[in-house]
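Residue-level listing of the chains:
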Amino acid sequence: MKEFKALPDHIQKRFALDLNAVCQGKAPFSKFKHISDSVGVGAIELIENGLPAYRTVYVAKYGAVVYILHSFTKTTI
């Protein structure tokens with residue numbers, strides 16, 4: 001969670017809206033991709049492209065909970 005809080009405020013808010021939608025059984029608003037092959041079953045990456053780009057990886061919800069695995073600023077293109 002420390003990495004998530006280190007993201008810029010506008011990115012935190014955008015990803016928080018995405019995660020809230022997921023908790024409600026809806027799809028995220030941001031671009032996303034399933035990364036089960038590289039991270040594990042149910043892992044999904046939220047994508048915010050730009051310079052810099054930002055990512056948050058979470059595990060698909062269990063009950064009403066979504067677990068954030070990692071958030072980061074992408075430094076490579």
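Just so it is clear, the model here is predicted, and its values are computed rather than measured.

Asks: Can you help me understand the side chain of Thr56 in this one?
Replies: Within the secondary structure layout, Thr56 lies in strand β3 (residues 53-62). The exposure class of Thr56 is buried, given its relative accessible area of 0%. Of the polar contacts made by the side chain of Thr56, one reaches the side chain of Ser71; its length is 3.0 Å. Beyond its immediate sequence surroundings of up to four residues, Thr56 is in contact with Phe4, Leu7, Phe15, Ile44, Glu45, Leu46, Ile68, His70 and Ser71.

Asks: Explanation requested: the nonpolar core in the structure shown.
Replies: Side chains of a nonpolar character, in soluble globular proteins, are inclined to be buried together. Judged by nonpolar contacts, Phe4, Leu7, Ile11, Phe15, Leu19, Val22, Ile44, Leu46, Tyr54, Tyr58 and Val66 together constitute the single largest core of eleven residues. Mapped onto this core, the elements with two or more residues apiece are α2 (9-23), β2 (43-48) and β3. Take this core: its biggest share by element is four residues, from α2. Excluding residues within four positions of it along the chain, Phe15 makes contact with Phe4, Leu7, Ser30, Leu46, Ile47, Glu48, Tyr54, Arg55 and Thr56.

About the criteria used
Residues numbered from 1 in each chain as written. Predicted model: local features only at pLDDT ≥ 70, side-chain atom pairs only at ≥ 80, totals over all residues. Heavy atoms only, no water. Helix = DSSP H or I, 4+ residues; strand = E, 2+ residues; numbered from the N terminus. Buried < 20%, exposed > 50% of the residue type's maximum accessible area, 1.4 Å probe, protein only. Polar contact = N/O pair within 3.5 Å; in protein donor to acceptor, adjacent residues only side chain to side chain. Contact = heavy atoms within 4.5 Å. Core = buried A, V, L, I, M, F, W, Y, C linked by side-chain atoms within 4.5 Å.

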